[in-house]
Amino acid sequence: MWKLLVGFVVFAALALFVLMKGGGNIDLSGEKHDVSAPHDTASAPVVAASAVPDAASAPASAASN
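Reference entry: report on the structure contained in this document. Chains are numbered independently. Their residues run from 1 in the order of the written sequence. At least 70 in pLDDT is required for a residue's local features to be given in this predicted model, at least 80 for side-chain atom pairs to be given and counted, and no such filter applies to totals for whole chains, interfaces and linings, which use all residues. Heavy atoms from the whole structure form the basis of all side-chain values; hydrogens and water molecules are not counted.

## Digging into the overall build of the protein chain
When its secondary structure is counted, the protein chain shows two helices and zero strands. Under the scheme applied here, a residue whose accessible area is under 20% of the maximum for its type counts as buried, over 50% as exposed, and between as partly exposed, the area being computed with a 1.4 Å probe on protein chains only. With 65 residues in all, the protein chain has 0% of them scored as buried. A 1.4 Å probe and the Shrake-Rupley method give the accessible areas. Residues count as covered only by the protein chains that appear here. By element, 68% of the accessible surface of the protein chain is carried by carbon and sulfur atoms, the whole surface being about 6400 Å². By the criteria applied, helices consist of DSSP H or I runs no shorter than four residues and strands consist of E runs no shorter than two, each listed in order from the N terminus.

## Some words on a nonpolar patch on the surface
A surface patch of nonpolar side chains, about 340 Å² in accessible area, is lined by Trp2, Val6 and Val10. Along the chain, Val10 falls in helix α1 (residues 2–21). When its relative accessible area of 53% is taken as the criterion, Val10 is described as exposed. Residues enter patches when their relative accessible area tops 30% and they take part in no salt bridge; the joining distance is 9 Å for like charges and 5 Å for the nonpolar side chains Val, Leu, Ile, Met, Phe, Trp and Tyr. Within this document, salt bridges are pairs made up of a side-chain nitrogen of Lys or Arg and a carboxyl oxygen of Asp or Glu, the two lying within 4 Å of each other.

## Let's talk about α1
Here a helix's expected span is defined as the number of its residues, less one, multiplied by 1.5 Å. Compared with the 28 Å implied by 1.5 Å per residue over 20 residues, the 29 Å span of α1 between its first and last C-alpha is a close match. Gly23 lies just past α1 and shows a positive phi near 90°.

Below you can see the structure in the form of structure tokens.
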């Protein structure tokens, strides 16, 4: 029984080592409930609806290219 426990601990340590070295986003600090955490929506460019060309107004030759 103790061999099973030792094997599990070794496998878990090896898995954590591989995940951390592989560039995975590993965070062992627990759940985050911070409201002030930055979101990716601020970095995304906002495009106005009037700036997007309407597909119906595009010429048929441009759509076939």
